[in-house]
Amino acid sequence: MGKPCVVLGVTGSIAAYKAGDIIRRLHDEHCDVVVVMTPAAEKFVTPLTFEVLSRGPVYRDMFAREGNWDIAHVALAQRADIFLIAPATADCLAKVVAGIADDLVCCTAVATKAPVVIAPAMNTDMFTSAVVQENIARLTARGIKFVAPKENSRLACGVTGQGALADVDVIVRTVVDLLKSVAR
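Caption draft 1: The arrangement of helix H5 (residues 104-111) in detail. In terms of burial, H5 is largely enclosed, as six of its eight residues are buried. Inspection of H5 places Leu-104, Val-105, Cys-106, Cys-107, Thr-108 and Ala-109 among the buried residues, and these make up the whole buried set. Where H5 begins, the side chain of Asp-103 points an oxygen toward the backbone nitrogen of Val-105, at a separation of 3.0 Å.

Structure follows, in structure tokens:
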């Protein structure tokens, strides 16, 4: 049996740089990692960074045809043993709740049959807003597992509160534990 495949969706949060450490740690746990990025994520980290760390191509465009005849979001959705979105923005959560599939990360999330883990990262006021909390509740009811952001942490905007991406160790442990439970 081969290594489990974690498809990692990276969205446009300042915490996108931490996805590099998630990739490294998942490799340490003997997982293959395939990275999918939103256009907004590319404003924070280049695809080349994730290509080097994941040792493979980074998927960014649903319509790219670089010699591969697979439909990217379908192929990625089918390949995933776990689909992890880290960091996940409020925008991403809202799109997945509504089934809006206008970027490769959200499209893959909507298409996959694999377990989905989401690690949100955003400003405290955004994270604690009624609409984001309602979206998290709706996604949780659909079986999506959340890794809660840190509480009482200093955020990029300068405030202290809940919203910073959970510790990489916590995210990776959640994925590995879920992989073990799915393999049983």
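Caption draft 2: The arrangement of the sheet that holds strand S4 (residues 82-88) in detail. The six strands are arranged S3-S2-S1-S4-S5-S6 in an open sheet whose pairing can be described as parallel. Looking at strand neighbours, the two that pair on one side only are strand S3 (58-59) and strand S6 (145-146), the edges of this open sheet. In terms of strand pairing, strand S2 (residues 32-37) meets S3 through two bridges, oriented parallel. Its bridge partner being in S3, Val-35 is matched across the sheet by Val-58. Relative to the sheet, helix H2 (residues 47-54) contacts strand S1 (5-10), S2 and S3, its axis offset from that of S2 by approximately 170 degrees.

Caption draft 3: Examining the pattern of salt bridges more closely. Counted according to the given criterion, the structure contains 10 salt bridges. Between Arg-24 and Asp-21 there is a salt bridge; the shortest N-O distance is 2.6 Å. In this pair, Arg-24 and Asp-21 are both assigned in helix H1 (residues 19-28), three residues apart and thus about one turn of the helix distant. Judged by relative accessible area, which is 40%, Arg-24 ranks as partly exposed. On the accessibility criterion, Asp-21 (30% relative accessible area) is partly exposed. Across the pair Asp-102 and Lys-95 runs a salt bridge whose closest N-O atoms are separated by 2.9 Å. By relative accessible area, Asp-102 is classed as partly exposed at 46%. Members of the salt-bridge network, linked through shared partners, are Asp-91, Lys-95, Asp-102 and Asp-103.

Here is what the cut-offs are and how they apply
- Residues numbered from 1 in each chain as written.
- Predicted model: local features only at pLDDT ≥ 70, side-chain atom pairs only at ≥ 80, totals over all residues.
- Heavy atoms only, no water.
- Buried < 20%, exposed > 50% of the residue type's maximum accessible area, 1.4 Å probe, protein only.
- Helix = DSSP H or I, 4+ residues; strand = E, 2+ residues; numbered from the N terminus.
- Polar contact = N/O pair within 3.5 Å; in protein donor to acceptor, adjacent residues only side chain to side chain.
- Pairing = 2+ DSSP bridges.
- Contact = heavy atoms within 4.5 Å.
- Axes fitted to C-alpha atoms, helices over the stretch in contact; angles between N-to-C directions.
- Salt bridge = Lys/Arg side-chain N within 4 Å of Asp/Glu carboxyl O.

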